[in-house]
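# Descriptive structure summary
Residues per chain are reported as follows:
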2 protein chains.
Amino acid sequence: MSETIPHWLTKQADINPNQTAIELENGETYTFKQLKEASQCFARKLAALNVHEGTHVGILSGNSIEMIVAIHALSYLGAVGVLLNVRLSRPELEFQLKDANVSIVLTSDKYKMSASQIQVSMVKSFSEINVLQEKYNIPLKTELNLEDVFTVIYTSGTTGFPKGVLHTYGNHWWSAIGSALNLGLNKDDKWLIPLPIFHVSGLSTSIKSLIYGMPIYVLEKFDVKKVHDAIMSKGITIVSVVTVMVQKLLNELGNNRYPNTLRCMLLGGGPAPKPLLEKAKEKGIPVFQSYGMTETSSQIVTLSPQDALKKLGSAGKALFPAQLRIDGGNEDSIGEIIVKGPMVTKGYYRNEEANKKSFHNGWLRTGDMGYLDDDGFLYVVDRRKDLIISGGENIYPSEIESVLSGMEQIKEVGVTGLADETWGQVPIAFVVKIKDVTASEVFSFLRQRLAKYKIPKEIHFVEELPRNASNKLVRSKLLELRR
Amino acid sequence: MSETIPHWLTKQADINPNQTAIELENGETYTFKQLKEASQCFARKLAALNVHEGTHVGILSGNSIEMIVAIHALSYLGAVGVLLNVRLSRPELEFQLKDANVSIVLTSDKYKMSASQIQVSMVKSFSEINVLQEKYNIPLKTELNLEDVFTVIYTSGTTGFPKGVLHTYGNHWWSAIGSALNLGLNKDDKWLIPLPIFHVSGLSTSIKSLIYGMPIYVLEKFDVKKVHDAIMSKGITIVSVVTVMVQKLLNELGNNRYPNTLRCMLLGGGPAPKPLLEKAKEKGIPVFQSYGMTETSSQIVTLSPQDALKKLGSAGKALFPAQLRIDGGNEDSIGEIIVKGPMVTKGYYRNEEANKKSFHNGWLRTGDMGYLDDDGFLYVVDRRKDLIISGGENIYPSEIESVLSGMEQIKEVGVTGLADETWGQVPIAFVVKIKDVTASEVFSFLRQRLAKYKIPKEIHFVEELPRNASNKLVRSKLLELRR
């Protein structure tokens, strides 16, 4: 039987009406009561646009109070939020909107212009909705059924087409509880979100806030000075970061130290170089490595406070409600990481093929490779085959290759990742021409079709691509062609 | 879809092998790894007696490590524990064992003799089982399905036949999570159990231990000196108590103070007189009133830390995953308390009549009376069955008891209704003195504080009040004390 809980925002507003829920960089704060009232009001305005139970609503916005209110408003209507990466190109957005059956896109003023060019039934900015009349005769949800889908976030697929990951209320609930059982729940906690809410890392923290009754400090986007200052002077106890942010923060910190109240710098979004972790350790920064993905509703494996210093380089153990196995380990015990638990997505939206491939008896095949040490701690060796992680964003070579193949002057193309000091990795492309074309023409073609972070930093024109006996592209040999 | 989690003891032993799980009054401690190994070993010995998935196993014991190990052992086999109150008479025990379909009773040496006289297929002491050979070829559970029944506890109802309350793993899980979201989860927490594990209060704390990775300090039974000493010197942060214990502890404390590390004295098991709460407040004791019952897997309504001092006398608000309503409130807004949530039992074992009466659309009718103040805080007025109706006026015994408890010469008091030709019923009081006092002094005290119709028609001075095994006042037996 599926479980039902009271609506989490209404409940927290009932228990802790005057507790701060959200703190913004401009100093504005919102209590749980204010956040509830704003979200319910926004829900009634959305209802006037015929958003109702089951409507798929796109959200295109940088982090803001309006965005958070809009997301919670959807939960009051039983509508589903499809969270869109603001860096996507128009064709990329259109693919996701069509694939996810989105009929209306909500956006901030900043993105209104570009959003208006998207092929979709309706685009409204938050401020356009705020001036609408509330529709009072619709019932707002008082309970949440943990089986119901709340959000969809797209993740790059190996086939080149992104897949829509479904998150139920239960996935988010169990993710929050699993994290609390690992990190504890202190009454003075305040979690800083410098990561985008359109990614699962930021989204999950904004939901933890409701479940824990904990204030979150929200930045519009990552800015090393703002993050640094917030940790120094805003009573931040936990901050979610990706590797490139730790590097920048360490530089910013210089010879200073963070206050002792900072009890966890939760590091996700890809591997971290050991020298970086050691440097953080020297500075007394409590970095907890973690492992997770959109499909696991954020972290599913995390180093616990008592192991953070002993097991540098490990992602830790599966959270309390979760399980972890290494499948088909080789002679070094390295095999595919497979995970199970109530925070794992029930599947990809309308994608039976991907679901069949990824889910077996309740276990998710992550495609990532790793091993367990003698104490059962996970070390992630390699991300999904060919995956490029650049500044915390996942990039699949096949997606870029697929776009470039569409250029008539190009015969074939191979993309791979190049190590980069700042971003961890950046994509680079190897192109076999069929007609004359310049690198600048290729870049220009790409800029119209791909998010900026996906655009290769180098284009190399080559005679042919390395292929194996069965004529398959061998991406691992591409770098040898680099001059 | 029902959720599956890793076996909670195996999981905690994996995450925190060397963390203390249990501390006993004799100084012995058990880590989570040791507790897991002992429980798995005991499970394999029980398997040799043909205890298997679905077997109903009676447990008759005071609090002990053997009892805790036996309970966890059952979870490894998928067997169901029927927890028996050691203070029951033989006929009462036999009723429960027959009603719950129990084929084997496990007991401590202390109760072996008396248990042997019970009509049941098999009675074994823990030590008799410990000498058995383990049966190795049976698979122990590695996962728990939250829908499966783990324990049965009979309600200590004072009228009619006791009913067997079913607790699933999920009920216990959600109870633990609900409490953690209210009290927080601090890394130095240690919870003292002076209450019997055969009651849901003690049992639920022994399960919280596994889920939180938190040590529990277990006393065989309540002893004011031992509880006092443990709070004073053993780093106890939370202790579960009932009203009479708070009274005794306050006396024991005298002019001392408890250490600041004691962050919660969780008070359940019935209403608490306001003068007692005020006295505790004066002493800086963080008493959190709560409301719950076997059917709700312990507390379901609790005062939160931030409200404990502001709302003296209230049981608080429903825990985060739970809901609370007052049904059919009268002109004073007093009505029946009804509750809902994933920690609420799915029902009574093989008792369709009681289930039909108690459960409606997922809501449990508690039979208790209460009201919500303007801020939504619950005040429990009385158990419905104790209601005295006199000349058309409703009289709640606890109201009179609460007033009399404020008289310094009175130690404790019980009030009940006496049939009366004129008025239908009249209240009468049974008083245990602590200092000399006359009936006329008591009447005079009452007349200044209560409406005339609420003043008891008789005052009886008695040596002690009738209480049940969980130390709750049994009002229905008061009349037997009338001379």
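Residues numbered from 1 in each chain as written. Chains lettered and ligands numbered in written order. Predicted model: local features only at pLDDT ≥ 70, side-chain atom pairs only at ≥ 80, totals over all residues. Heavy atoms only, no water.

### Re the nonpolar core
Let me state the cut-off plainly: For this analysis, a nonpolar core means a set of buried residues of the types Ala, Val, Leu, Ile, Met, Phe, Trp, Tyr and Cys, connected via side-chain atoms within 4.5 Å. For every residue, the accessible area obtained with a 1.4 Å probe (protein chains only) is divided by the maximum for its type, and the residue is called buried under 20%, exposed over 50%, and partly exposed between those limits. Here, residues are in contact when the closest pair of their heavy atoms is within 4.5 Å.
Residues W8(A), W173(A), I211(A), W8(B), I22(B), W173(B) and I211(B) are the most contacted members of the largest nonpolar core, which totals 234 residues. The residues touching I211(B), leaving out its near neighbours within four places in the chain, are L181(A), F320(A), W8(B), Q12(B), H172(B), W173(B), A176(B) and I177(B). Counting residues in each nonpolar core, the second largest holds 29 residues, with I231(B), V244(B), I285(B) and L312(B) among its members.

### Things to note about the interface of chain A and chain B
Condition: By definition, the buried area sums, over both parts, the 1.4 Å-probe accessible area that each loses when the two are put together. We count a salt bridge whenever a side-chain nitrogen from Lys or Arg sits within 4 Å of a carboxyl oxygen from Asp or Glu. Definition of a polar contact: a pair of N or O atoms within 3.5 Å, with one able to donate and the other able to accept a hydrogen when the atoms are protein atoms, and with sequence-neighbouring residues admitted only if both atoms are side-chain atoms. Only runs of H or I of at least four residues qualify as helices and only runs of E of at least two qualify as strands under DSSP, and these elements are numbered from the N terminus.
In this assembly, 38 residues from chain A lie in contact with 38 residues from chain B. For the chain A and chain B pair, buried surface summed over both sides reaches about 3,300 Å², with 55% attributable to carbon and sulfur atoms. The largest share of the area that chain A buries against chain B comes from W174(A), L185(A) and F320(A), three residues that together contribute 21% of it. For the pair chain A and chain B, the interface holds six salt bridges. Here E3(A) ties to K346(B) by a salt bridge, and the two come within 3.6 Å at their closest N and O atoms. The tally of links from chain A across to chain B stands at 13 residue pairs in polar contact (both at pLDDT 80 or more). Those elements that place two or more of their residues in the side of chain A that touches chain B are β1 (4–6), α1 (8–15), α7 (169–183), α8 (200–212) and β17 (317–318) of chain A.

### Side note on the environment of G347(A)
All names here are of chain A. Along the chain, G347 turns up in the loop between β19 (335–340) and α12 (352–358). For the pair formed by G347 and N50, sequence separation is 297 residues and the distance between their alpha carbons is 27 Å. Setting aside residues no more than four positions away along its own chain, G347 makes contact with G164, V165, L166, N355 and F359.

### What to know about the domain arrangement of chain A
Residue and element names in this part refer to chain A. This is how it is decided: Where each domain starts and ends comes from a domain assignment, either automatic or drawn from a database. The nonpolar class holds Ala, Val, Leu, Ile, Met, Phe, Trp, Tyr, Cys and Pro. Asp, Glu, Lys and Arg form the charged class, and all remaining residues, Gly among them, are polar.
Domain annotation of chain A identifies domain 1 (4–379) and domain 2 (388–481). Taking the mean C-alpha position of each, domain 1 and domain 2 sit 30 Å from one another. Contact residues are listed per partner, giving 19 residues for domain 1 and 18 residues for domain 2. Together domain 1 and domain 2 conceal approximately 1,400 Å² of surface at their shared face, both sides included; 52% is due to carbon and sulfur atoms. In terms of surface lost to domain 2, no three residues of domain 1 exceed R87, E92 and S156, which account for 32% of the buried area on that side. Linking domain 1 with domain 2 are two salt bridges, by the criterion used here. Two residues, R87 and E393, come together in a salt bridge whose shortest N-O distance is 3.4 Å. In this assembly, domain 1 and domain 2 are joined by eight residue pairs in polar contact (both at pLDDT 80 or more). Listed by contribution, the elements that provide at least two residues to the side of domain 1 that touches domain 2 are α4 (90–99) and α10 (243–253). The class makeup of the residues in the side of domain 1 that touches domain 2 is six nonpolar, eleven polar and two charged.

### Points about the pattern of salt bridges
Opposite charge on two side chains makes pairing possible when the charged atoms of those side chains draw close. All names here are of chain A. Following the criterion strictly, the structure yields 49 salt bridges over all chains and no others. Residue K454 is joined to E399 by a salt bridge in which the shortest nitrogen-to-oxygen separation is 2.8 Å. Here E399 lies in helix α13 (residues 397–404) and K454 lies in the loop between α14 (439–447) and β27 (458–461), a separation of 55 residues in the sequence. For K454, a relative accessible area of 4% corresponds to the buried category. R482 is the partner of E458 in a salt bridge, and the nearest nitrogen-oxygen pair spans 2.8 Å. In this pair, E458 is assigned in strand β27 and R482 in the segment after β27, connecting sequence segments 24 residues apart. A relative accessible area of 35% means that R482 is categorised as partly exposed. Residues joined by salt bridges that share partners form a network here, namely E92, E399 and K454.

### Observations regarding the side chain of K45(B)
Residue and element names in this part refer to chain B. Filter applied, for reference: When charges are counted, Lys and Arg contribute as positive and Asp and Glu as negative, whereas His and the chain ends are disregarded.
Among the structural elements, K45 can be located in helix α2 (residues 32–48). There is no salt bridge for the buried K45, and the closest opposite charge comes from E134, which lies 5.1 Å off by N-O distance. In this view, K45 contacts I129, N130, L132, Q133, E134 and K135; residues no more than four positions away in its chain are not counted.

### So, the side chain of T107(B)
Residue and element names in this part refer to chain B. Relative to the helices and strands, T107 resides in strand β6 (residues 104–107). Given the relative accessible area of 0%, T107 is considered buried. Within the structure, the side chain of T107 is placed 2.8 Å from the backbone oxygen of L60, a separation counted as a polar contact. Beyond its immediate chain neighbours, meaning those up to four positions away, T107 contacts L60, K112, A115, V123, K124, S125 and F126.

### Comments concerning the packing of helix α10 (residues 243–253) of chain B against helix α11 (residues 274–282) of chain B
Residues and elements named next belong to chain B. Our working definition: Axis geometry follows a simple rule: fit a line to the C-alpha atoms, using only the stretch in contact for helices, then measure angles between N-to-C directions, giving values from 0 to 180 degrees. An angle counts as roughly parallel when it lies under 35 degrees, as roughly antiparallel when it exceeds 145, as roughly perpendicular when it falls between 65 and 115, and as oblique in every other case. Two helices cross in a left-handed way if the nearer one is turned anticlockwise from the farther one by less than a right angle. They cross in a right-handed way if the turn is clockwise.
At their nearest, the axes of α10 and α11 sit 11 Å apart, and the two run at 45° to each other. It follows from the interaxial angle that α10 and α11 lie oblique. Here the hand of the crossing between α10 and α11 comes out left-handed. Along the contact surface, α10 presents T243, V246, Q247, L250 and N251, while α11 presents L276, K279 and A280. A per-class count over the contact of α10 with α11 returns four nonpolar, three polar and one charged.

### Structural notes on the sheet that holds strand β16 (residues 298–302) of chain A
Residues and elements named next belong to chain A. As a reminder, the rule being used: Should DSSP find at least two bridges between two strands, the strands are regarded as paired.
Here we have nine strands laid out as an open sheet, ordered β3-β2-β12-β11-β13-β14-β15-β16-β17, and mixed in their pairing. Single-partner strands in this sheet number two, and they are β3 (29–31) and β17. Here strand β13 (residues 238–242) runs beside strand β14 (residues 264–268); their pairing, made up of five bridges, is parallel. Residue pairing for β14: V239 is matched across the bridge by M265. Strands in contact with α10 are β13 and β14; relative to β13, the strand with the most contacts, it is inclined by about 110°.

### Points about the sheet that holds strand β25 (residues 410–420) of chain B
Residue and element names in this part refer to chain B. Read from one edge to the other, the open sheet built from three strands follows the order β25-β26-β27, with strand pairing classed as mixed. Every other strand in the sheet has two partners, leaving β25 and β27 (458–461) as the edge strands with one partner each. Going across the sheet, the axis of each strand differs from the next one's by a mean of 25°, ignoring polarity. As paired strands, β25 and strand β26 (residues 424–433) are joined by ten bridges and run antiparallel to one another. Among the inter-strand pairings, G414 is bridged to a residue of β26, identified as F430.

### Details of the pairing of strand β5 (residues 80–84) of chain B
Residues and elements named next belong to chain B. Put simply, the rule is: For a crossover, the right-handed case is the one in which the path from the first strand over the helix to the second runs clockwise, viewed with the strands pointing away from the viewer.
Counting buried positions along β5 gives five out of five residues, so the element sits mostly inside the fold. Side-chain alternation along β5 places V80, V82 and L84 on one buried face and G81 and L83 on a second face that is also buried. Taken together, strand β4 (residues 56–60), helix α3 (residues 65–77) and β5 form a β-α-β motif whose crossover is right-handed. Bridging between β5 and strand β9 (residues 149–154) involves three bridges; their strand directions are parallel. Counted as the bridge partner of L83 is I153 from β9.

### Digging into the environment of Y76(A)
All names here are of chain A. Considering the arrangement of structural elements, one finds Y76 in helix α3 (residues 65–77). As a C-alpha pair, Y76 and S39 span 37 residues in sequence and 7.9 Å in three-dimensional space. Excluding residues that lie within four positions of it along the chain, Y76 makes contacts with H7, L9, T10, K36, S39, Q40, A43, P139, L140 and K141. Engagement of the side chain of Y76 in a polar contact is seen with the side chain of T10, the distance being 2.6 Å.

### Some remarks on unusual backbone geometry
All names here are of chain B. Positioned with a positive phi, N101 is a non-glycine residue whose angle comes to about 65°. Looking at where N101 falls in the secondary structure, it is placed in the loop between α4 (90–99) and β6. Phi is positive for S298, close to 95°, though the residue is something other than glycine. Tracing the backbone shows S298 in strand β16 (residues 298–302).

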